[in-house]
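Chains, contacts and geometry: an overview
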Amino acid sequence: MSTTAEYLKKLIRTVPDFPSPGILFRDITTLLKDADGLRKGVGVMLAPFAGADLDLIVGIESRGFILAAPMALQRGCGLVLIRKPGKLPAATVRQEYQLEYGSDAVEIHRDAISPGQRVLLVDDVLATGGTMAAAQQLVAGLGGQVEGISFLVELLALKGRQRLGSCRVESAIQYE
Ligand code: AMP
């Protein structure tokens, strides 16, 4: 990892057995509260896509929103939300997925993405990849083109990127 990645990694707190026994929870709130860490984290997540043509940044509930919003502002893109079921007020499409702990579903507004729009997907942590694979399907289902996926943290042991196909997947910080 780069010096910046090592610096960012030191700002992340690891909480054992949360939210259930055996899970090592990578808590990004300690990075978010550090002004320099937040700025650098967003910068590292955007850097690999500096040359990409992007129309939209799509963030995943809820910690993905926190990172996606400043990324959209920095890139001059619109922001689209993928949310847990029942949260979005207008007509939605839904995709079920398996989580590292449990199962869930995600939804997007039917009119959130127009066919052909170029999208960067964003979340805080890549674990099993189930959430992001579902998000990819939602975007593709609306005709959006996924230009890449950016995570702050990747949990390498869970091999989540294998579920994300040939799409360009980047992470700022990795854990074995
Ligand atoms: P997954 O679908 O398994 O890739 O899980 C990704 C989602 O679950 C992300 O939105 C993370 O916020 C959260 N998550 C899963 N595992 C962890 C973990 N060990 N530490 C922090 N967040 C996690």
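None of the values given here were measured: they were computed from a predicted structure. (Residues numbered from 1 in each chain as written. Predicted model: local features only at pLDDT ≥ 70, side-chain atom pairs only at ≥ 80, totals over all residues. Heavy atoms only, no water.)

Considerations on the pairing of strand β4 (residues 78-82)
The sheet contact formed by strand β3 (residues 56-60) and β4 spans five bridges and is parallel. Paired with I57 across the strands is L79, a residue of β4. In terms of handedness, the path from β3 via helix α4 (residues 63-75) over to β4 forms a crossover that is right-handed. (Pairing = 2+ DSSP bridges. Helix = DSSP H or I, 4+ residues; strand = E, 2+ residues; numbered from the N terminus. Right-handed = clockwise from strand over helix to strand, strands pointing away.)

A word on the sheet that holds strand β9 (residues 169-175)
Pairing within the open sheet is parallel, and its five strands lie in the order β4-β3-β7-β8-β9. Edge positions in the sheet fall to β4 and β9, since each has one partner strand and no second. Each neighbouring strand pair of the sheet contributes to a mean axis angle of 20°, computed without reference to strand direction. In this structure, β3 lies alongside strand β7 (residues 118-126), joined through four bridges in parallel fashion. (Axes fitted to C-alpha atoms, helices over the stretch in contact; angles between N-to-C directions.)

Here's the deal with the environment of G102
One can find G102 in strand β6 (residues 102-109). C-alpha separation for the pair G102 and P21, spaced 81 residues apart in sequence, amounts to 13 Å.

A closer look at the environment of V58
Considering the arrangement of structural elements, one finds V58 in strand β3. Along the chain, V58 and M71 lie 13 residues apart, while their C-alpha atoms are 9.9 Å from each other. Setting aside its immediate chain neighbours within four residues, V58 contacts V80, I82, I113, V119, L120, L121 and V122. (Contact = heavy atoms within 4.5 Å.)

What about the packing of aromatic side chains?
The tally for this structure, following the rule as stated, stands at one aromatic pair. An angle of 85° between the planes, with centres 5.2 Å apart, marks the rings of F18 and F25 as edge-to-face. Among the residues examined, F18 registers a relative accessible area of 44% and is labelled partly exposed. On the basis of relative accessibility, which here comes to 14%, the residue F25 falls in the buried class. Of note, R26 hangs over the ring of Y175, and the distance from its end group to the ring centre comes to 3.7 Å. The side chain of R168 reaches across the aromatic face of F49, ending 5.2 Å from its centre. (Phe/Tyr/Trp six-rings, centres within 6.5 Å; stacked < 30°, edge-to-face > 60°. Buried < 20%, exposed > 50% of the residue type's maximum accessible area, 1.4 Å probe, protein only. Lys NZ or Arg CZ within 6 Å of the ring centre and 35° of its normal.)

Regarding the pattern of salt bridges
Per the stated rule, a full pass over the model turns up eleven salt bridges. Notably, a salt bridge pairs R118 with D53, separated by 3.6 Å at the nearest N-O pair. One end of the pair, R118, is in strand β7; the other, D53, is in the loop between α3 (35-46) and β3, and 65 residues separate them in sequence. You can call D53 exposed: its relative accessible area is 52%. Note that R168 is salt-bridged to E170, the shortest N-O span being 2.9 Å. For R168, a relative accessible area of 42% puts it in the partly exposed group. Overall, the relative accessible area of 22% leaves E170 in the partly exposed class. (Salt bridge = Lys/Arg side-chain N within 4 Å of Asp/Glu carboxyl O.)

Section: the environment of L73
Tracing the backbone shows L73 in helix α4. On the basis of relative accessible area, L73 is assigned to the exposed category, the value being 74%. When the C-alpha positions of L73 and I57 are compared, they lie 9.4 Å apart, and in sequence the two are 16 residues distant.

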